[in-house]
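# A look at the structure
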Number of protein chains: 2
Amino acid sequence: MANITKKVSWSSRPDESGSAGDATPLLNGSEQPRYSRQNSAGGNMFHIGRLSTVDLEEEITSEEDSLRGRPKEIPHNEKLLSLKFESLDYDNIENQLFLEEERRMSPMNFRCLEISRWVVCGLIGFLTGLIACSIDIIVEKLAGYKYQAVKENIEKFTEGGGLSVSLILWAVLNSSFVMVGSITVAFFEPIAAGSGIPQIKCYLNGVKIPRVVRLKTLMVKVFGVICSVVGGLAVGKEGPMIHSGAVVAAGVSQGRSTSLKRDFKMFEYFRRDTEKRDFVSAGAAAGVSAAFGAPVGGVLFSLEEGASFWNQMLTWRIFFASMISTFTLNFVLSVYHKTPGQLSSPGLINFGRFDSDTMAYDLYEVPLFIIMGAIGGVLGALFNILNYWLTIFRIRYVHRPCLQVMEAMLVAAVTATVSFTMIYFSNDCQPLDTDQTEEYPLQFFCADGEYNSMATAFFNTPERSVRSLFHNQAGTYNPLTLGLFTLTYFLLACWTYGLAVSAGVFIPSLLIGAAWGRLFGIMLATITPNNPVWADPGKYALIGAAAQLGGIVRMTLSLTVIMMEATGNVTYGFPIMLVLMTAKIVGDYFVEGLYDIHIKLQSVPFLHWEAPATSHWLTAREVMSSPVTCLNRIEKVGTIVDILSNTSTNHNGFPVVVQITGSDEPEKLCGLILRSQLIVLLKHKVFMELARSRLTRRKLQLKDFRDAYPRFPPIQSIHVSQDERECMMDLTEFMNPTPYTVPQDTSLPRVFKLFRALGLRHLVVVDDENGVVGLVTRKDLARYHMGKHGLEELQLAQT
Amino acid sequence: MANITKKVSWSSRPDESGSAGDATPLLNGSEQPRYSRQNSAGGNMFHIGRLSTVDLEEEITSEEDSLRGRPKEIPHNEKLLSLKFESLDYDNIENQLFLEEERRMSPMNFRCLEISRWVVCGLIGFLTGLIACSIDIIVEKLAGYKYQAVKENIEKFTEGGGLSVSLILWAVLNSSFVMVGSITVAFFEPIAAGSGIPQIKCYLNGVKIPRVVRLKTLMVKVFGVICSVVGGLAVGKEGPMIHSGAVVAAGVSQGRSTSLKRDFKMFEYFRRDTEKRDFVSAGAAAGVSAAFGAPVGGVLFSLEEGASFWNQMLTWRIFFASMISTFTLNFVLSVYHKTPGQLSSPGLINFGRFDSDTMAYDLYEVPLFIIMGAIGGVLGALFNILNYWLTIFRIRYVHRPCLQVMEAMLVAAVTATVSFTMIYFSNDCQPLDTDQTEEYPLQFFCADGEYNSMATAFFNTPERSVRSLFHNQAGTYNPLTLGLFTLTYFLLACWTYGLAVSAGVFIPSLLIGAAWGRLFGIMLATITPNNPVWADPGKYALIGAAAQLGGIVRMTLSLTVIMMEATGNVTYGFPIMLVLMTAKIVGDYFVEGLYDIHIKLQSVPFLHWEAPATSHWLTAREVMSSPVTCLNRIEKVGTIVDILSNTSTNHNGFPVVVQITGSDEPEKLCGLILRSQLIVLLKHKVFMELARSRLTRRKLQLKDFRDAYPRFPPIQSIHVSQDERECMMDLTEFMNPTPYTVPQDTSLPRVFKLFRALGLRHLVVVDDENGVVGLVTRKDLARYHMGKHGLEELQLAQT
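Residues numbered from 1 in each chain as written. Chains lettered and ligands numbered in written order. Predicted model: local features only at pLDDT ≥ 70, side-chain atom pairs only at ≥ 80, totals over all residues. Heavy atoms only, no water.

## What about the pairing of strand β17 (residues 772-777) of chain A?
All names here are of chain A. Stated formally: In short, DSSP must find at least two bridges between two strands for them to pair. By the criteria applied, helices consist of DSSP H or I runs no shorter than four residues and strands consist of E runs no shorter than two, each listed in order from the N terminus.
Here strand β16 (residues 762-766) runs beside β17; their pairing, made up of five bridges, is antiparallel. Among the inter-strand pairings, V766 is bridged to a residue of β17, identified as V772. Once β16 ends, the chain turns through five residues before running back antiparallel as β17, passing N770 with a positive phi of about 70°.

So, in structure tokens, the structure goes:
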């Protein structure tokens, strides 16, 4: 990766990013010199194995300035950590208002709350399932029309020549669909591009990704995914379901839509990050469940990505949402297919029925599975590296929306052309069975009663192609067809991922893997033709699919379970686990998983499970940001407004300190207050002087904070007059009086564990006498990661 | 439950238990008056909804004294919390020694550690699988001989009369097996009684249960379970596998056996609670996996019971152990059944193959499933209540080992007699198929070519009976047979659970449920005979089995997945989830789950997932124990010995404080040290004076602590001379310098969350100036629970 890094050289200037992150002009109102982060790139207090910042400093090229014009959304290279992302607050703000409310609640109130949580989860599952089956039905219909039209056209021109007309028809049809989808995404909601899984991973990890769970995003996502799948791109509609489920959850659980400006006055209790994140977990699980018919896999996905703390009731609720989701999908599809009640399609992708008797595996196949896992790992790593380079290229040159749309259309046209060429030059003719699974068999130049086998793979929705590769009779495909298909589809899928269209990478990965897996099976059968064990190459197609997918996305337990559930058979659990494990180990040797690469390229401060193993010698003192902007318990309004208005710091949490008046003792920590709370206080003008003069004034309630959640107004929109600036604000009632603290000598792993396990946003570092000396936030912890040469530190950057 | 409580009246005297728990005679060496817990039964500082202690005080009866003679192991009533249980320490002790070691380690060392973790997990899985299949093979063999002998005997006497001889033979055979098993358990290792699941739940929750993971326990468990299953009791061999797996894990991961006094000098890094508990999770998962062929279910079981924090790599390792375990079992059994490589029996219990085509369910069956779930919940609650009363009875009257053995023999004899009588009076004759699944068909008084259907259910290992109920043709059993069987087996199973034998309750529950479920199915078919959907009562047998098991044990996600994996088919996921959910809701309305009841009866300080919902008005100040015995950073040896020797307190953790010499400032917290550490320090005589005189003396290393783990010697065994008592000990290097702390005003849920999420043992409560004011331990948090009438507080008791 070192040489890859060299190519990405547009970091912000180190001195800029160093000071930007933590400039803290005010400490209790007294002017202090602008502070430039001591323990970062600036004056190094310590040395880490190989400081990546040094590499970066050397690489500031002349390109830097020319790139200043690019929009803010454009991701940076993976050695930077962006400061623009905020954290979610999984820790309840247990201030006096909150405690009073909780204490007023009776056991019956809590039971009602619990019941409404279940209702919300049921709704989430139901709506997610509905969305999934609408997408499925629309895609099937539209793709059906398209393939039918192209098929008829091809048949017309096969005899008489002039097939180039068919090619043009196909390419134009594909490009138009993709264009529409791409325009929606690129111009209306760029966050809806891709599968959304990296974004949801970040959200569940505790990073607030702007606009990721809005209604508009959902609309664009659903529309976009239909267009891109119908447009014949090498994509799947499964990944986006996870994002869709998450948006549904975030919407339903709040009982209102900020976009539509409708408040149903329901579920007001859930209007905070803690509750919302739990529901989003349920939504993501419901999405997985609907996509793959894998409710348990969905739960495990949510837990693997999101859970900082396993809670039995929460898990059970998530499972409920998943079950409802797959059940709804199953039921609606059964009605649509005119067999109501026959619940046979639990997910968008259906691997078809694997019979445990005919497809059992034998002990001596285990080494073969491991070899396949390794192949999957290598191919996956190759895919990721190619896509990484492509993404870097896109960041540099394809960042304007119109360019993005054009690229998407180009890919669509190329996909159609390549497919057509492959089919055209293929001479793999297969007899047309009466019970064959292909919906649009292309005869092409084959004899009557035969069809072109290459067309089965290309001229079909990817889901159907996967199923054909798993289940078609041995001999349906010849090895050359499979080899060529693998190669072209690999390159197409790699090019496609990262386009400005809504689409997932699960199905293309499965398809590539199924193709080379089947090839592997056929080769085995060729070498030792009389062994009945590998008579059926479909088994190897399944293992190959798992290996390829594992090599690309590197998920572990959840993916095993998803694959197990999608096959509907637990017999393959062991081989799938082996294959995924091997693929992950081999792949991790070369490069990270695809989602992690994209997360890094966005410079998201993503927290992994544990602190780097070799970070025990770092302590809170070195990690924390300091000095900290503190507020007094009773603070002047002007000071607060100044602090909040300071755009160069943009702090979100402020320790509240108190000093016994007249004493010499140092100030002690007595609480923590958030920017959002201060904004609400300023908006409602909760000033001590006003409270005295207007006694009838209603007391500020928790409801006021909930109404403002989650889109708190910016400080600029709040008008504070010169007189009001002289007022005082009493923060006692609103601050969190018991923030979590650590002493300065706490080791980084210990700080990390506390921070991660409790899903914190701010962790106050205190000295022996409970005075504030620093603040640890997400970026302070995410900065450290294990590189090839030991511990590395990422550079902080403003954008 | 209120009237049940009345019957259990032997609490310790409140004043006794009040003072025993927290008497702290020394605060920094200065004599203080004996302190009796202020915020407990003594001087009430606050009032909780309905203080259960008041009820208990009123009920001290004359029985109390007569019960003093009973052994310490005997559990108390469920309104007490025992102080005898210690906590595991999931929090690393990050003292200087540890940090130095960690800092010396290179990334390569960490990689090796990681690899050895995987090796250990592989070994755990392999050994657990081996144990499972040895049990299976031995039980099958022995039970085969037994049933063959009895069958021949019955056939001999059926013609000529005198069947009472057969009955006696049967009863004597059963009783002898059970006697041997029961003697081993009752006299050698009482902790091996039962399924061990409650104990493992407690261990994973963080409670140190004495002797629960020792080699001896494993031996007795394995031997005992073979005896009790062969002895024909209404028990299963699946539950004990979980315990066995846990013991294997605790043994293998430590690289030595303290019992056998063998140290292989391996895995020394893993000799601490944190690592050990992770491995025990893997062992428990491997046990579930081997028992039910459910690797994913196993992982979920471990997580549901144990995980305070979900860690991706840990989960993945646990899954690996599970997979290896079921694979080993499967492979060895395939070799044993002379079909090597055909991996068809992944678990001890095999539900047989459910074909998704013939056994699909329809939408309008969903309400029926819910009804069955409710029935399961009610029957489960009934089972639990009956067993609760029985356990109370046993605690009172059957606590001597010889009485326990006699009871077990009695149950064995009664089981045989009842079975025999049922078979004798049954006239349910069925034609003998050629492909029938019964291994020992009893003809009895049936015509030639027929067999007695009641005998299929009784005259068989319970696993086979379950399978017959699931898969036998419709019409194999008549409704009366099933009804009678349900009733008798329900009572027998209820009587059997809690005997001094090693055995599980899973299989009996499944069997009861399968019987009434099948009955339910038959009744449906009778009411509407022409509906093809319920033509097969086997489906209802499966649902009934799930309902009954769910109603008794109340597990959620893990049980759903276990059932799904055991059926080898994901189609039933939704109905099983529905049924388990209903059973849990209905059952919880009446009484807790069986394991929870037994945990409560043992007065274990078990921490649930969250603090009670209505506990927000309690703060750390009210919850904590205070005053706390603190140590100075440089402390006199005599003081330490005195504190440790004080049997009335028996504290395990001591905050270390420091005061700037000569200053007036109050003492500040500077660390936390454990009893076990002090013991090691005293044993190695790490005194400052000695260090000066003997400069060549080797420095104490982390290895010395690891060698002493986990059986630290008692303080009485360490001789400290009068001279040495005057020496000083410097604790700086050994104490944990950064213990987690909370301010006094922190609410109980917040304290609870921190404590639970990080798996703490001690949490120091500090004042504004970082002075120690209290200590929160497990019992302080476990005391509060939601009762029927709001928050209740449990009484603390010494035994």
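## As for unusual backbone geometry
At the junction of S626 of chain A and P627 of chain A, the peptide bond is cis and its omega measures out at -10° in the coordinates. Note on placement: P627 of chain A falls in the loop between α24 (620-623) and β10 (631-632). Its identity as a non-glycine residue notwithstanding, K685 of chain A has a phi of 50°, on the positive side. Phi angles above zero are rare outside glycine, and F267 of chain B is one such case at about 50°.

## With respect to the relation of the copies chain B and chain A
Spelled out, the test is: Superposing copies: least-squares fit, C-alpha atoms only, residues required to have pLDDT of at least 70 in both. In what follows, a contact means two residues having at least one pair of non-hydrogen atoms within 4.5 Å.
Between chain B and chain A, which share one sequence, the superposing operator has a rotation angle of 180° and an axial displacement of 0.0 Å; the RMSD is 0.1 Å. The superposition of one copy onto the other is thereby described by a two-fold rotation axis. Both copies share a contact surface, since 99% of the interface residues of chain B are interface residues in chain A too.

## Description of the interface of chain B and chain A
Let me state the cut-off plainly: Buried area, as used here, totals the accessible surface that two parts lose on assembly, with accessibility defined by a 1.4 Å probe and the loss added over both. Each reported salt bridge corresponds to a side-chain nitrogen of Lys or Arg within 4 Å of a carboxyl oxygen of Asp or Glu. Distance and chemistry together define a polar contact, namely a pair of N or O atoms within 3.5 Å, with one atom able to donate a hydrogen and the other to accept it when in protein, and with adjacent residues in sequence counting only for side-chain atoms on both sides.
Facing 87 residues of chain B, the contacting portion of chain A comprises 86 residues. Taken over both partners, the interface formed by chain B and chain A buries close to 7800 Å², and the fraction arising from carbon and sulfur atoms is 67%. Put simply, chain B and chain A have four salt bridges between them. For K668 of chain B, the salt bridge goes to E769 of chain A, with nearest N and O atoms at 3.8 Å. Applying the counting criterion to the chain B and chain A interface returns 18 residue pairs in polar contact (both at pLDDT 80 or more).

## Description of the UniProt feature "domain: CBS" (unreviewed entry) in chain A
What counts, and what does not: UniProt positions are given in the numbering used here, feature names are shortened, and annotations may be inferred rather than shown by experiment.
In the numbering adopted here, UniProt assigns the feature "domain: CBS" (unreviewed entry) to residues 735-793 of chain A. Helix makes up 27% of residues 735-793 of chain A and strand 37%, with an end-to-end C-alpha separation of 33 Å.

## A short note on the pattern of salt bridges
Residue and element names in this part refer to chain A. How we decide: Exposure categories follow from relative accessible area, calculated using a 1.4 Å probe and restricted to protein chains: below 20% of the type maximum is buried, above 50% is exposed, and the middle band is partly exposed.
Scanning the entire structure with this criterion turns up 55 salt bridges over all chains. For D707, the salt bridge goes to R271, with nearest N and O atoms at 3.9 Å. With D707 in helix α28 (residues 702-708) and R271 in the loop between β7 (262-263) and α11 (273-292), this pair connects stretches of sequence that are 436 residues apart. On the basis of relative accessible area, D707 is assigned to the partly exposed category, the value being 33%.

## Looking at the sheet that holds β17 of chain A
All names here are of chain A. What counts, and what does not: Every axis corresponds to a line fitted to the C-alpha atoms, with the helix fit spanning only the stretch in contact, and the corresponding angles, defined between N-to-C directions, vary from 0 to 180 degrees.
Ordered by their spatial adjacency, three strands build an open sheet running β15-β16-β17, and the pairing between neighbours is mixed. The strands lining the two open edges of the sheet, one partner per strand, are β15 (741-743) and β17. For this sheet the average axis-to-axis angle between neighbouring strands, irrespective of direction, equals 30°. As paired elements, β15 and β16 share three bridges and run parallel to each other. By the bridge assignment, T741 is partnered in β16 with V764. Across the sheet, helix α30 (residues 748-758) touches β15, β16 and β17, and the angle it forms with β16 is around 145°.

## What about the packing of helix α6 (residues 107-160) of chain A against helix α7 (residues 163-188) of chain A?
Residues and elements named next belong to chain A. What counts here: In what follows, roughly perpendicular refers to angles from 65 to 115 degrees, roughly parallel to angles under 35, roughly antiparallel to angles over 145, and oblique to any angle outside these ranges. Put simply, a crossing is left-handed when the front helix is turned counterclockwise from the back one by less than a right angle, and right-handed when it is turned clockwise. Lys, Arg, Asp and Glu make up the charged group, whereas Ala, Val, Leu, Ile, Met, Phe, Trp, Tyr, Cys and Pro make up the nonpolar group; the residues left over, Gly among them, are polar.
Interaxial distance between α6 and α7 falls to 8 Å at its minimum, and their mutual angle equals 165°. By the criterion of interaxial angle, the relationship of α6 to α7 is roughly antiparallel. Handedness of the crossing formed by α6 with α7: right-handed. Contacts between α6 and α7 involve L142, K146, A149, V150, N153, I154, F157 and T158 from the former and L163, V165, S166, L169, W170, L173, N174 and F177 from the latter. Of the residues assigned to the contact of α6 with α7, the class counts are 11 nonpolar, four polar and one charged.

## Considering the sheet that holds strand β10 (residues 631-632) of chain B
Residues and elements named next belong to chain B. In spatial order, the strands read β10-β12-β13; together these three strands make up an open sheet with mixed pairing. Each end of this open sheet is capped by a strand with a single partner; those strands are β10 and β13 (668-674). Taken together, the six bridges between strand β12 (residues 653-658) and β13 define a ladder with antiparallel strand orientation. Within β13, the residue paired with V658 across the bridge is K668. Across the sheet, helix α26 (residues 675-683) is in contact with β10, β12 and β13; its angle to β13 comes to roughly 75°.

## Regarding helix α19 (residues 506-527) of chain B
Residues spaced three or four apart along an α-helix point in a common direction, a consequence of the helix completing one turn every 3.6 residues. Rule in force here: The span expected for a helix works out to 1.5 Å for each residue beyond the first.
With 22 residues, α19 of chain B extends 31 Å between its outermost C-alpha atoms, agreeing within 8% with the 32 Å of an ideal straight helix rising 1.5 Å per residue. For α19 of chain B, a buried count of 18 out of 22 residues is recorded, marking the element as mostly surrounded by other parts of the structure.

## So, the pairing of strand β18 (residues 784-787) of chain A
Residues and elements named next belong to chain A. When β18 meets strand β19 (residues 790-793), the two strands line up antiparallel, connected through four bridges. Bridge assignment links H785 to a residue of β19, and that residue is E792. Hairpin connection from β18 to β19: two residues lie between these consecutive antiparallel strands.

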